[in-house]
Amino acid sequence: MFDKDVEYVVMDGAIKIVDEQTGRILDGRRYSDGLHQAIEAKENVKIEAATQTYATITLQNYFRMYHKLCGMTGTAETEAAELWSIYKLDVVTIPTNIPMIRKDKQDLVYKTKREKYKAVIDEIEALRNAGRPCLVGTTSVEVSELLGRMLQQKKIPHNVLNAKQHAKEAQIVTEAGLPGAVTIATNMAGRGTDIKLGPGVKEAGGLAIIGTERHESRRVDRQLRGRAGRQGDPGSSQFYVSLEDDLMRMFGSERIASLMDKLGYKEGDVIQHSMISNSIQRAQKKVEENNFGIRKRLLEYDDVMNKQRNAVYEKRNHALFGERLALDIDTSFSAVAGSLIDSFREQEDFEGFKMACIVNFGLDTKVEEEEFKKGDVNGLIDKLYSEATERYNSHKAELQKQAIPVFKNIRLTQGSHIENVVVPFTDGRKGLNVLANLDKTISTGGTELTNSLEKTITLAVIDDAWKEHLRAMDDLKQSVQTAYLEQKDPLVIYKMEAYNQFSNMNNDVNKDIVSFLCHTSIPIQQENAPLKEGRQQKTDMSKMRANKDEVDNAGQDYAANERDKFEPGGAGDSGVKQEPVKVGPKIGRNDPCPCGSGKKYKQCHG
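Conventions we followed
- Every chain's residues receive numbers from 1 upward, in the order its sequence appears when written.
- Residues qualify for local features only when their pLDDT is at least 70, as the model is predicted, and side-chain atom pairs are given and counted only at 80 or more; totals for whole chains, interfaces and linings, by contrast, use all residues.
- Calculated side-chain values reflect all of the structure's heavy atoms, with hydrogen atoms and water omitted.
- Working definition of a nonpolar core: buried Ala, Val, Leu, Ile, Met, Phe, Trp, Tyr and Cys residues. They are joined through side-chain atoms within 4.5 Å.
- For each residue, the accessible area found with a 1.4 Å probe, counting protein chains only, is set against the maximum for its type, and the residue is called buried under 20%, exposed over 50%, and partly exposed in between.
- By the criteria applied, helices consist of DSSP H or I runs no shorter than four residues and strands consist of E runs no shorter than two, each listed in order from the N terminus.
- Any two residues having at least one pair of non-hydrogen atoms within 4.5 Å are treated as being in contact.
- Here an angle of 0 to 180 degrees is reported between the N-to-C directions of two axes, which are lines fitted to C-alpha atoms, with helices fitted over the stretch in contact.
- An angle below 35 degrees is treated as roughly parallel, one above 145 as roughly antiparallel, one from 65 to 115 as roughly perpendicular, and anything else as oblique.
- Gly is put with the polar residues, along with every residue not named as nonpolar or charged; the nonpolar set is Ala, Val, Leu, Ile, Met, Phe, Trp, Tyr, Cys and Pro, and the charged set is Asp, Glu, Lys and Arg.
- Strand pairing follows a simple DSSP-based rule, namely that at least 2 bridges must link the two strands.
- Each Phe, Tyr or Trp ring (for Trp, its six-membered ring) is paired with any other whose centre lies within 6.5 Å, and the angle between the two planes then decides the class: stacked below 30 degrees, edge-to-face above 60, tilted in between.
- Whether a charge sits over a ring comes down to the Lys NZ or Arg CZ being within 6 Å of the ring centre and within 35 degrees of the ring normal.

A. Focus on the nonpolar core. In this structure, Leu-340, Phe-353, Phe-361 and Phe-425 are the most contacted members of the largest nonpolar core, which totals 64 residues. When residues in this core are grouped by element, the largest group, 12 residues, is from helix H17 (residues 447-479). In this structure Phe-361 touches Phe-333, Val-336, Ala-337, Leu-340, Ala-356, Leu-384, Ala-388, Arg-391, Val-514, Cys-518 and His-519, once residues within four positions along its chain are discounted. Residues Leu-127, Ile-156, Ile-184 and Tyr-240 belong to the second largest nonpolar core, which totals 19 residues.

B. Fine view of the packing of helix H12 (residues 325-347) against helix H18 (residues 490-519). Closest axis-to-axis distance for the H12/H18 pair is 9 Å, and the angle between their directions is 105°. As summarised for this structure, H12 and H18 are arranged roughly perpendicular, according to the angle between their axes. From H12, Ile-329, Ser-332, Phe-333, Ala-335, Val-336 and Ser-339 reach across to H18, where they touch Asn-510, Lys-511, Val-514, Leu-517 and Cys-518. Its residues assigned to classes, the contact of H12 with H18 shows seven nonpolar, three polar and one charged.

C. View of the sheet that holds strand S3 (residues 25-26). Here we have three strands laid out as an open sheet, ordered S1-S2-S3, and antiparallel in their pairing. Edge positions in the sheet fall to strand S1 (8-11) and S3, since each has one partner strand and no second. Along the sheet, helix H1 (residues 35-42) makes contact with S1 and strand S2 (14-18), crossing S2 at roughly 120°.

D. Structural detail: the pairing of strand S6 (residues 134-137). Burial along S6 is two-sided: the residues Cys-134 and Val-136 and Leu-135 and Gly-137 are all buried. In the sheet, S6 pairs with strand S8 (residues 182-185) via four bridges, with the strands oriented parallel. Bridging across to S8, Val-136 finds its partner in Ile-184.

E. Representation of the packing of aromatic side chains in the model. Considering all chains together, one arrives at 12 aromatic pairs under this definition. Here the aromatic rings of Tyr-110 and Tyr-240 are separated by 6.3 Å at their centres, their planes lie at 10°, and the arrangement is stacked. In this pair, Tyr-110 is assigned in strand S5 (residues 108-110) and Tyr-240 in strand S10 (residues 235-242), connecting sequence segments 130 residues apart. Each of the two residues, Tyr-110 as well as Tyr-240, counts as buried. Judged by centre distance (6.3 Å) and plane angle (35°), the rings of Phe-350 and Phe-353 are tilted. With Phe-350 and Phe-353 both in helix H13 (residues 350-361) and three residues apart, this pair spans about one turn of that helix. In terms of burial, Phe-350 and Phe-353 fall into one category: buried. Members of the aromatic cluster, joined through ring pairs, are Tyr-62, Phe-63, Tyr-66 and Tyr-87. The positively charged end of Lys-88 is found above the aromatic ring belonging to Trp-84, 5.8 Å away from the centroid. Directly above the aromatic system of Phe-239 lies the positively charged group of Arg-214, at a separation of 4.8 Å from the ring centroid.

Have a look at this one:
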């Protein structure tokens, strides 16, 4: 499905994607879902690690974010309907500065690709002898290299411009207008640059454009034609088409082939008729309409994601810039309290509710069983929310009280050049490094540190959850496509399921943030203190890393450093050296049982 030198090229031992429209290399872009790795395996180059999507947006929604939108291009007229449908932009045609005198000839249609390429080479030779420069447009890297090899055999000097030679683009375009110059190019042919005509070229007839195939989009063909005849210069354009071309095969080239056979066409014969040119243009129009349909459908799916994206990024920005973060955290406490009451009240599970309060808020709730089962729901939510926020505020004050002496000690012993300190926090399962300004933390009595903690944990949890949500939404988009078999619209199913998934993600984010904040502590081991049983916390905060500049990876080890329970200092480490289990000699199934019963081992203790 993916052909070398068409969809991608192999350069410097790596797979590089080629943009279908522009013919340029898309640097840094990789196919997702293991497709890039499959191509790397196929081409026998180093297989790189799979990529994880952190953020995604369609170009349409990206452009819609601008307050004002406009553009200028030589080929927008064919896409006027799409520009109005998506961006509500009108297309206005501006007349040329100087009348255009380029000759656009009817397409030449051949039966096979071999005949077509032979005719192209003959035409290049004739134009070169007439002293005219020639620009040959191709649809892929593969065809440009094939024509290059054919010209080499004819000993015709030429330049090849494709994704592999993009570094030489400016130089090749500069030489493309000299008398007798031959340039073979993919769709990237001199975009954004005028091909200046050399001495005597205007008199000879100007730059000649030769298209070796009709592209799926009329815009790309027009861009190629537009290389010649600029600012009143003379020029000509001619497309060569064969019945084996992809576009022709898509739209019933067999009819024309059988017609050519009936009319007695021999090898190398050519049809040049407006009917054929018009049918090719109709085929292009159909493909364009189909591609527009695909883009429009993609946008309809992305509009669902866009609402979710706006909500997530708004919450993320509150954390990033500190605006409304306290309010968001307060809302998280309220939302978790509400979800606990609703879910456990419905199941009438008071014990489960008490356990959930410990897990999420770290508190033994004062709500009684009778009150839980029969009390007003809103009253219960308010009571639990008040208990949880009170518990968190006292816990926060304790953290501040614990940190201030150490911060003062750092300022005293390390001098005034220290600006920021990285403080390790843990809730017993996950760890998080929080960056806090030393002076601000001391002057605010530790409030700066707890604010930084709230900001870092919120960002870390949102990023982690959003990343997984994007993957789940991709899977959902694939799975709903079969809904049309039930006579249902996949988009409607997608909208409903997407809402449920987003609600679940939001609930999980709130629970993770609240749980970490309520259970977090700064791991400090007192000097000369005897080792206690259970989890040993071995980080001395006074020796913690202090740095001058911002630390970029403050939240990087969230959710990535759960310690193994058998690791020294882990949850299962009691501080007592475990003895190896001693195993006696193995007893056979049919041997007498060692208990002395006289029975076989398999019938007794076996």
